[in-house]
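Close look at the chain arrangement
Chain by chain, the residues run as shown.
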Amino acid sequence: MKDTIYLIGFMGAGKSTVARSLEQSCGRKAVEMDECIEEQERMTIPRIFEEKGEEYFRELETGLLKSLSNEKNLVVSCGGGTPLRSCNVEIMKRSGRVIFLTAAPETVYERVKNSHHRPLLEKNKNLAFIEALMEERKERYEAAADYLVSTDGRGAEEICREILERIAEERP
Ligand code: S3P
């Protein structure tokens, strides 16, 4: 059953906020992949990157996605790098709809500049790096997505409404 909603997009695109809002508005259970991994490993994401390496973290993401795909009616806030692996995209597409939340690099910078839980940005928290990494990933995000939804200058409720409308329009 393709009934889970997977939210993908760059760090700071608003995936977690929109997932929580969708949980409230339509009763789906929200799952935050980064949080699940931290609980499972009993370690923060920065520590996992530091001690075990990024590849280990990417394996955890794939394992988690596999188990989430057996559940029903979730809204999953994916990690920013989740759609970079084609096996992850296959799992998401098989079990749900994939929504790419887009945001301008300036918006992302404003949203992430004061946080310290993203190892990839920690030493690179500047607009030029964000722009370059976003450009590098854009094609893969777009290829994974069923829908693109902009988050620039919009609140979570409005974004949720658009997501739910897009899904409702599919049904005859
Ligand atoms: C990552 C994004 C992070 C987290 C990890 C790697 C990425 O998640 O999974 O730091 O590669 O873009 P958020 O997008 O929730 O910040």
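For the structure itself, consult the block above.
I will try to describe carefully the structure that is included in this document. (Residues numbered from 1 in each chain as written. Predicted model: local features only at pLDDT ≥ 70, side-chain atom pairs only at ≥ 80, totals over all residues. Heavy atoms only, no water.)

Points about the pattern of salt bridges
- Applying the stated rule across the entire model yields 12 salt bridges.
- Here Arg-58 makes a salt bridge to Glu-54, at a shortest N to O gap of 3.0 Å. One end of the pair, Arg-58, and the other, Glu-54, are both in helix 4 (residues 54-68), four residues apart, so they sit about a helical turn from each other.
- By relative accessible area, Arg-58 is classed as buried at 8%. (Salt bridge = Lys/Arg side-chain N within 4 Å of Asp/Glu carboxyl O. Helix = DSSP H or I, 4+ residues; strand = E, 2+ residues; numbered from the N terminus. Buried < 20%, exposed > 50% of the residue type's maximum accessible area, 1.4 Å probe, protein only.)

With respect to the nonpolar core
- Ile-8, Phe-10, Val-76 and Met-92 are the most contacted members of the largest nonpolar core, which has 34 residues in total.
- Discounting chain neighbours no more than four positions away, the residues touching Phe-10 are Lys-15, Val-108, Ile-130, Leu-133, Met-134, Arg-137 and Tyr-141.
- Counting 15 residues, the second-largest nonpolar core is a separate cluster that includes Leu-7, Val-18, Leu-22 and Ile-99. (Core = buried A, V, L, I, M, F, W, Y, C linked by side-chain atoms within 4.5 Å. Contact = heavy atoms within 4.5 Å.)

Focus on the site of the ligand
- Lys-15, Asp-34, Arg-58, Arg-118 and Arg-137 are the nearest of the 13 residues found near the ligand.
- Note that an oxygen atom of the ligand is positioned 3.3 Å from one of the backbone N or O atoms of Gly-81.
- Burial of the ligand by the protein chains amounts to 97% of its free accessible area of 390 Å².
- Given that more than half its atoms are within 2 Å of the pocket grid, the ligand belongs to the largest pocket.
- Residues of the shell around the ligand, tallied by class, amount to five nonpolar, three polar and five charged. (Near = heavy atom within 4 Å. Polar contact = N/O pair within 3.5 Å; in protein donor to acceptor, adjacent residues only side chain to side chain. Areas by Shrake-Rupley, 256 points an atom, 1.4 Å probe, with all protein chains shown as cover. 1 Å grid on protein atoms, 1.4 Å probe; cavity = no way out; pocket = protein on both sides within 12 Å on 5 of 7 lines; lining within 4 Å. Sits in = over half its atoms within 2 Å of the grid points. Nonpolar A, V, L, I, M, F, W, Y, C, P; charged D, E, K, R; others polar.)

Section: the packing of aromatic side chains
- Applying the stated rule across the entire model yields two aromatic pairs.
- Taking the centre distance of 5.0 Å and the plane angle of 45 degrees together, the rings of Phe-49 and Phe-57 count as tilted.
- What makes Phe-49 buried here is its relative accessible area of 16%.
- Residue classification places Phe-57 among the buried positions, given a relative accessible area of 4%.
- Note on Phe-100 and Tyr-141: the rings are 5.1 Å apart at their centroids and 45 degrees apart in plane angle, and the pair reads as tilted. You can see Phe-100 sitting in strand 4 (residues 96-102) and its partner Tyr-141 sitting in helix 8 (residues 127-144), a full 41 residues away along the chain. The same class applies to Phe-100 as to Tyr-141, namely buried. (Phe/Tyr/Trp six-rings, centres within 6.5 Å; stacked < 30°, edge-to-face > 60°.)

Shape descriptors only; they carry no functional weight alone.
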